[in-house]
Amino acid sequence: MALLEIKNLRKNFGELQVLKDINISIEKGEVLVLIGPSGSGKSTFLRCLNLLEQPSGGNIYYNGTNILEHGFNPVPYRRHVGMCFQRFNLFPFMTVLENVMFAPRLVLKKHKDEIRQTALTLLDKVGLKNKADVYPATLSGGQQQRVAIARSLAMNPEVMLFDEPTSALDPELVGEVLAVMKDLAKSGMTMVTVTHEMGFAKEVSDRVIFMDAGYVVEDESPKEMFTNPKNERTKAFLSRILNK
Ligand code: ADP
Ligand code: MG
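Everything numeric in this text was worked out from a predicted model, so none of it was measured.

Draft legend 1. Representation of the nonpolar core in the model. Grouped together as the largest cluster of nonpolar side chains are 50 residues, with contacts concentrated most on I35, L123, I149, M160, F162, M181 and M191. With 8 residues, the top contributor of residues to this core is helix α6 (residues 171–186). Among all residues touching I35, those that are not within four sequence positions of it are K42, T195, M198, V208, I209, F210, M211, F237 and L238. Grouped together as the second largest cluster of nonpolar side chains are 29 residues, L34, L51, V159 and M211 included.

Draft legend 2. The arrangement of the site of ligand 1 in detail. Around ligand 1, the structure places F13, L16, V18, P37, S38, G39, S40, G41, K42, S43 and T44. The contact in question runs from an oxygen atom of ligand 1 to an N or O atom on the backbone of G39, over 2.7 Å. The separation between an oxygen atom of ligand 1 and a polar main-chain atom of G41 is 3.0 Å. Contact with the protein chains hides 59% of the accessible area of ligand 1, taken as 560 Å² for the molecule alone. Of all elements in the fold, only β2 (16–26) and α1 (42–49) reach the threshold of two or more residues within the shell around ligand 1. Residue contributions to the shell around ligand 1 peak at 3 residues, all from α1. Among the residues forming the shell around ligand 1, the class breakdown is 4 nonpolar, 6 polar and 1 charged.

Draft legend 3. Structural context of α1. By the criterion of burial, α1 is predominantly enclosed, with 6 of the 8 residues buried. If you check which residues of α1 are buried, you get K42, T44, F45, L46, C48 and L49. Positive backbone phi, at 65°, marks L51, one or two positions downstream of α1.

Draft legend 4. Region of the structure containing the pairing of strand β7 (residues 159–163). Buried residues dominate β7, accounting for 5 of its 5 residues. Bridging between strand β6 (residues 81–84) and β7 involves 4 bridges; their strand directions are parallel. In the strand pairing of β7, G82 is matched with M160. Bridging between β7 and strand β8 (residues 190–194) involves 5 bridges; their strand directions are parallel. The residue bridging M160 from the neighbouring strand is M191, located in β8. After leaving β7, the chain enters α6 and then returns to the sheet as β8, a path that is right-handed.

Draft legend 5. Highlighting unusual backbone geometry. For N156, which is not glycine, the phi torsion reads 55° and is therefore positive. In this structure, N156 sits in the loop between α5 (141–153) and β7. Residue E164 is not a glycine yet carries a positive backbone phi of 45°. Inspection of the secondary structure puts E164 in the loop between β7 and α6.

Rules and cut-offs
Residues numbered from 1 in each chain as written. Chains lettered and ligands numbered in written order. Predicted model: local features only at pLDDT ≥ 70, side-chain atom pairs only at ≥ 80, totals over all residues. Heavy atoms only, no water. Core = buried A, V, L, I, M, F, W, Y, C linked by side-chain atoms within 4.5 Å. Buried < 20%, exposed > 50% of the residue type's maximum accessible area, 1.4 Å probe, protein only. Helix = DSSP H or I, 4+ residues; strand = E, 2+ residues; numbered from the N terminus. Contact = heavy atoms within 4.5 Å. Near = heavy atom within 4 Å. Polar contact = N/O pair within 3.5 Å; in protein donor to acceptor, adjacent residues only side chain to side chain. Areas by Shrake-Rupley, 256 points an atom, 1.4 Å probe, with all protein chains shown as cover. Nonpolar A, V, L, I, M, F, W, Y, C, P; charged D, E, K, R; others polar. Pairing = 2+ DSSP bridges. Right-handed = clockwise from strand over helix to strand, strands pointing away.

Okay, here's the thing in structure tokens:
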């Protein structure tokens, strides 16, 4: 059984049809990269996946359960689906460690010491254990994004969604965030990442999905996608971004 099975997913904003018919199956441990022009629906798709947006139609099965069925409780589900955005939105009035401990303290029924230990382990994993007691404003954008990743991981998610996690960063800070994401992918995390970092897609992903105008146009291994794209729209998009 797939971890996530997306069937005929649709999303409208009023008259605007943003997702028209999305079909994607995601296995446990798979690393997907989502590419496509601005406005093609990538962020909306991710937001539908963790129910930040209510889809207009179709079905999403999580471990076989239809999460769009009437009466499904999105709150526990969202804990299994971590999300990292372009803007990291750390709490400015909390230290790095407090940021990472905040959500688990609120919802996980665990002792504070255990939560602190886990948070420190996660900060170590993203290379920032020595920054545990400082405030986010003292960190670079790359460091803040790594804290945001640790914060998501603190809820022990089964899937991580990344929406252009490096596109707000200065170029020299992109690598450190991608390195953390690469480690995460290697550790077996299921990941769906919207990114323009084609090096990451080539090196780390199992599949690359090209979306355009609310449809999945192509869904391929990175090798196929980058050496032998089939659809004309994929070819045009790739030649635009690869020749930048
Ligand atoms: P992408 O992430 O691929 O750039 P988005 O999913 O952000 O695309 O947006 C797809 C389309 O949906 C765009 O035309 C955008 O303006 C529109 N859109 C996104 N969110 C909303 C919203 N909350 N209300 C109305 N339109 C929206
Ligand atoms: Mg977007």
